Amino acid sequence: METADPGVRLDKWLWAARFFKTRSMATAAVNGGKIHLNGARTKAARNIAPGDKLVINNGHEEFRVTVLALSAIRRPAKEARLLYDEEEESVRRREEEREMRRLLHASGMAPARRPDKRDRRKIKSFLRKD
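Since the model is a prediction, treat every value here as computed from it, not as a measurement. (Residues numbered from 1 in each chain as written. Predicted model: local features only at pLDDT ≥ 70, side-chain atom pairs only at ≥ 80, totals over all residues. Heavy atoms only, no water.)

Undergrad: Is there a simple way to think about the overall build of the protein chain in this case?
TA: Counting its regular elements, the protein chain contains 5 helices and 7 strands. Beginning at the N terminus, the succession of helices and strands in the protein chain can be written as β-α-α-β-β-β-β-β-α-β-α-α. In terms of overall size, the protein chain is more extended than a compact globule, its C-alpha atoms giving a radius of gyration of 22 Å where 130 residues would be expected to give roughly 14 Å. The C-alpha extent of the protein chain, read off along each of the three principal axes, is 80 × 30 × 30 Å. (Helix = DSSP H or I, 4+ residues; strand = E, 2+ residues; numbered from the N terminus. Rg over C-alpha atoms; globule rule 2.2 N^0.38 Å.)

Undergrad: What exactly am I supposed to notice about the pattern of salt bridges here?
TA: Any two side chains of opposite charge can pair, so long as their charged atoms come close to each other. Under the criterion given, the structure shown has 11 salt bridges. For Arg92, the salt bridge identified is with Glu96, shortest N-O distance 3.1 Å. Of this pair, Arg92 and Glu96 both sit in helix 4 (residues 88–106), 4 residues apart, which is roughly one turn of the helix. In this structure Arg92 comes out as partly exposed when scored by relative accessible area, which is 43%. The exposure class of Glu96 is partly exposed, given its relative accessible area of 42%. In this structure, the salt-bridge partner of Arg102 is Glu99, at a minimum N-O distance of 2.5 Å. Placement of the pair is Arg102 and Glu99 together in helix 4, with a separation of 3 residues, close to one helical turn. (Salt bridge = Lys/Arg side-chain N within 4 Å of Asp/Glu carboxyl O. Buried < 20%, exposed > 50% of the residue type's maximum accessible area, 1.4 Å probe, protein only.)

Undergrad: Sorry, what's going on with the pairing of strand 5 (residues 53–58) here?
TA: Working note: regular strand, side chains alternate between the two faces of the sheet. Note that strand 2 (residues 35–37) and strand 5 share 3 bridges and pair antiparallel. Across the sheet, Leu37 pairs through a bridge with Leu54, a residue of strand 5. Strand direction decides the pairing type here: strand 5 and strand 6 (residues 61–67), joined by 6 bridges, are antiparallel. Bridge assignment links Val55 to a residue of strand 6, and that residue is Arg64. Taking the residues between adjacent antiparallel strands as the criterion, strand 5 and strand 6 are bridged by 2 residues, where Gly59 takes a positive phi near 75°. (Pairing = 2+ DSSP bridges.)

Undergrad: Teacher, can you tell me more about the side chain of Thr42 here?
TA: With respect to the secondary-structure elements, Thr42 resides in the loop between strand 3 (40–41) and strand 4 (47–48). The class of Thr42 is buried, set by a relative accessible area of 13%. With sequence-adjacent residues up to four places away left out, Thr42 is seen in contact with Leu10, Val30, Ile35 and Leu37. (Contact = heavy atoms within 4.5 Å.)

Undergrad: I keep staring at the sheet that holds strand 7 (residues 84–86) and nothing clicks. Help me out?
TA: The strands that make up a sheet are held in pairs by hydrogen bonds between backbone atoms, and each pair lies either parallel or antiparallel. With antiparallel pairing, 5 strands are arranged side by side in an open sheet as 3-2-5-6-7. Because the sheet does not close on itself, it has two edges, and the strands there are strand 3 and strand 7. Here strand 6 pairs with strand 7 via 3 bridges, running antiparallel. By the bridge assignment for strand 7, Val67 is matched with Tyr84. Strand contacts of helix 4: strand 6 and strand 7, with the helix running at about 165° to strand 6, the strand carrying the most contacts. (Axes fitted to C-alpha atoms, helices over the stretch in contact; angles between N-to-C directions.)

Undergrad: How do you make sense of the environment of Pro115 when you look at a structure like this?
TA: Here Pro115 lies in the loop between helix 4 and helix 5 (117–127). Accessibility expressed as a relative area gives 40% for Pro115, which makes it partly exposed. Placed 109 residues apart in sequence, Pro115 and Pro6 show a C-alpha to C-alpha distance of 61 Å. Not counting residues within four places of it along the chain, the set of residues in contact with Pro115 comprises Arg120 and Ile123.

Next up, the structure:
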């Protein structure tokens, strides 16, 4: 009789490696096609093994990592970082995108105060012009 593969479920590993705050968020991301295992979409219950390559699209960031170790329990961030190795190009691209977002949002100045009744009337009259 053969023994079962001792791997860890993909959603559990993503949660333990701290890519997602909850396991249900990790499951939703996998089922939504945000996670690719060895270049293909996969299911949350799929077992992973060391050496597998993952592409993780976590909102506005994309991680390209290689699985180094398995863990089904969530540990501190320093220990979770030892579970994977991120590609240098992935790190560089994420830092460039973060800088671009920072510069994009820095240019928008917030108003000094909330509009009062007179300002709101001016805004409405301006918006209603044709």
